[in-house]
Amino acid sequence: MNTLVKDPVCNMEVAPGQLDTVYLGVHYSFCSLQCQERFVANPHLYIGHPGHQAPKQQGQEILKRRRLSLDKVLTAEQADRIGQKLGEMMGIQSVTVAVDRLEITYDLLQATEQQIETKLAEIGVTLGEGWGDRLRRAFVQYLEECELGSLECRPLSGHASHK
């Protein structure tokens, strides 16, 4: 009988070996590629170090609210589909699709703006391509990387890091 294990990113129970990743000699299983990507990018946001819990282990959420400009006006059917597909992602709290923009609230420990952009591209949604839109998105992605990096639980001095 296989017992289930917890995905360290979203805490869903999954079968051992599902989307398996080995980090520091320990096997971790994930419910989705999205959770696996989040873990691989910043593992110590989720697993901590002896005597120091990671932000996820402490139950932290880092809610972000973003507004993305779309390149064209959407039909009601397109807006519904976008809301449904984004709502299937882990960490998505809310999605509002207006005529030519998208407002989304998500937990940065489970989803990033880059992952949201990738999902939008997969479903055929093109974001605003003006230089201001592209610069804003790049800046948000940079800020998210910095924020996640600063939150990641670091090993105590004298302990080896195997990143």
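We now turn to the structure provided with this report.

Reading the values: rules and limits
Residues numbered from 1 in each chain as written. Predicted model: local features only at pLDDT ≥ 70, side-chain atom pairs only at ≥ 80, totals over all residues. Heavy atoms only, no water. Buried < 20%, exposed > 50% of the residue type's maximum accessible area, 1.4 Å probe, protein only. Helix = DSSP H or I, 4+ residues; strand = E, 2+ residues; numbered from the N terminus. Pairing = 2+ DSSP bridges. Phe/Tyr/Trp six-rings, centres within 6.5 Å; stacked < 30°, edge-to-face > 60°. Salt bridge = Lys/Arg side-chain N within 4 Å of Asp/Glu carboxyl O. Core = buried A, V, L, I, M, F, W, Y, C linked by side-chain atoms within 4.5 Å. Contact = heavy atoms within 4.5 Å.

## Examining the pairing of strand β7 (residues 101-107)
The element β7 is largely enclosed, with a buried count of 6 among its 7 residues. With 7 bridges joining them, strand β5 (residues 63-69) and β7 adopt antiparallel strand pairing. Bridging from a neighbouring strand, Ser69 pairs with Arg101 of β7. Note: strand β6 (residues 92-97) against β7, 5 bridges, orientation antiparallel. When the sheet's bridge partners are listed, Ile92 is paired in β7 with Tyr106. In this structure, the hairpin formed by β6 and β7 is closed by a connection of 3 residues.

## Digging into the packing of aromatic side chains
On inspection of all chains with the given rule, the structure shows 4 aromatic pairs. Centre to centre, the rings of Tyr28 and Phe39 are 4.8 Å apart; their planes meet at 40°, and the pair counts as tilted. Taken together, the residues span a long stretch of sequence, with Tyr28 in strand β4 (residues 26-28) and Phe39 in helix α1 (residues 33-41) at a distance of 11 residues. Among the residues examined, Phe39 registers a relative accessible area of 1% and is labelled buried. With centroids separated by 5.3 Å and ring planes inclined at 50°, the aromatic side chains of Phe30 and Phe39 adopt a geometry described as tilted.

## Quick word on the pattern of salt bridges
Side chains that differ in sign of charge can pair as their charged atoms come close. Per the counting criterion, the structure on display carries 9 salt bridges. Ionic pairing is found between Glu147 and Lys64, a salt bridge with its closest N-O pair at 2.7 Å. Of this pair, Glu147 sits in helix α4 (residues 131-151) while Lys64 is found in strand β5, placing the two residues 83 residues apart along the sequence. Here Lys64 falls in the buried class, since its relative accessible area comes to 17%.

## Topic: the nonpolar core
In terms of nonpolar packing, the biggest core is built from 31 residues, with Phe39, Ile82, Leu86, Ile116 and Leu120 touching the most fellow members. Within the residue set of this core, elements represented by two or more residues are α1, α2 (76-87), β7 and α3 (113-122). Here this core takes 3 residues from β7, the largest share from any one element. Those residues in contact with Ile116 that lie beyond four places of it in its chain are Leu68, Leu86, Met89, Ile92, Ile104 and Tyr106.

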